[in-house]
Amino acid sequence: MGAGREVSVSLDGVRDKNLMQLKKLNTVLFPVRYNDKYYADAIASGEFTKLAYYSDICVGAIACRLEKKEGGAMRVYIMTLGVLAPYRGIGIGSKLLNHVLEMCSKQNMCEIYLHVQTNNEDAIKFYKKFGFEITDTIQNYYINIEPRDCYVVSKSFAQSEANK
């Protein structure tokens, strides 16, 4: 974060009791409606899905899904990461992503990845700051938004010998 300002942001897990806050955020932040499976995956991911609070106001969230790759290695899919517009640029998204990256290291995940619309330059730049790389392009990934194409943006983690 620039200029050495530390913002007082707290993170909280998502559970049935506060799931509505994630639903409201998603309605404002994203041009897509998410189904029940999205929310079930978010809750099931435990520490990998968090709400961000700024002065007790819910202003952002990261929602992930845990996936098992062939061979048994685990990876994380970032379903959504978003911060309300007035609260962007002060480190909230970075705090959410850093939390998930720390969890990936602690739980020995092999990879973390997400899909980013090809015209979303701000998101691509954001993820590259954290060591993510564009690893693929998928044509016509999105159905109801333009452009329809997305990039697969991912970051791999060094695996311990026990997990290889």
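Bear in mind that the values here come from a model prediction, so they are computed numbers and not experimental data.

Caption draft 1: Spotlight on the overall build of the protein chain. The helix and strand inventory of the protein chain stands at four helices and seven strands. Here the C-alpha radius of gyration of the protein chain, 16 Å, is about what a compact globule of 164 residues would show, namely 15 Å. Expressed as lengths along the three principal axes of its C-alpha atoms, the size of the protein chain is roughly 45 × 35 × 35 Å. When contacts within the protein chain are restricted to residue pairs at least 6 apart in sequence, long-range pairs at least 24 apart make up 62% of them. Total accessible area on the protein chain stands at roughly 9500 Å², and carbon and sulfur atoms take up 48% of it.

Caption draft 2: Region of interest: the packing of aromatic side chains. All told, the structure shown has nine aromatic pairs when counted by the stated rule. Here Phe126 and Tyr127 contribute two aromatic rings whose centre-to-centre distance is 5.2 Å and whose plane-to-plane angle is 80°, an arrangement assigned as edge-to-face. Each member of the aromatic cluster is reached from another via a ring pair, and the members are Phe30, Tyr34, Tyr38 and Tyr39. Here Lys23 stacks its cationic end above the ring of Tyr39, 5.1 Å away from the centre of that ring.

Caption draft 3: Representation of the sheet that holds strand 5 (residues 111-117). The strand order across the open sheet built from seven strands is 1-2-3-4-5-7-6, with neighbouring strands paired in mixed fashion. The open sheet has two edge strands with one neighbour each: strand 1 (9-13) and strand 6 (133-138). The sheet shows a mean angle of 25° between the axes of neighbouring strands, direction not considered. Here helix 1 (residues 19-29) sits on the sheet and contacts strand 2 (50-54), strand 3 (57-68) and strand 4 (74-83); the angle it forms with strand 3, its principal contact strand, is near 100°. In this fold helix 4 (residues 121-129) packs onto strand 4, strand 5, strand 6 and strand 7 (150-156), with an angle of close to 165° to the strand it touches most, strand 5.

Caption draft 4: Fine view of helix 2 (residues 36-44). Looking only at helix 2, the buried set comprises Tyr38, Tyr39, Asp41 and Ala42. The buried residues of helix 2 all sit within an arc of 160° when viewed along its axis, so they share a single face. Among the exposed residues of helix 2, those pointing more than 90 degrees away from its buried face are Asp36, Lys37 and Ala44. Where helix 2 is buried, its residues contact helix 1, strand 3 and strand 4. A distance of 3.2 Å separates the backbone nitrogen of Lys37 from a side-chain oxygen at the start of helix 2, and that oxygen is part of Asn35. Of the residues trailing helix 2, Gly46 is marked for its positive phi of about 60°.

The rules behind the values
- Residues numbered from 1 in each chain as written.
- Predicted model: local features only at pLDDT ≥ 70, side-chain atom pairs only at ≥ 80, totals over all residues.
- Heavy atoms only, no water.
- Helix = DSSP H or I, 4+ residues; strand = E, 2+ residues; numbered from the N terminus.
- Rg over C-alpha atoms; globule rule 2.2 N^0.38 Å.
- Contact = heavy atoms within 4.5 Å.
- Areas by Shrake-Rupley, 256 points an atom, 1.4 Å probe, with all protein chains shown as cover.
- Phe/Tyr/Trp six-rings, centres within 6.5 Å; stacked < 30°, edge-to-face > 60°.
- Lys NZ or Arg CZ within 6 Å of the ring centre and 35° of its normal.
- Pairing = 2+ DSSP bridges.
- Axes fitted to C-alpha atoms, helices over the stretch in contact; angles between N-to-C directions.
- Buried < 20%, exposed > 50% of the residue type's maximum accessible area, 1.4 Å probe, protein only.
- Arc of directions from axis to C-beta.
- Polar contact = N/O pair within 3.5 Å; in protein donor to acceptor, adjacent residues only side chain to side chain.

In short, the description is geometric, and any link to function would need to be established separately.
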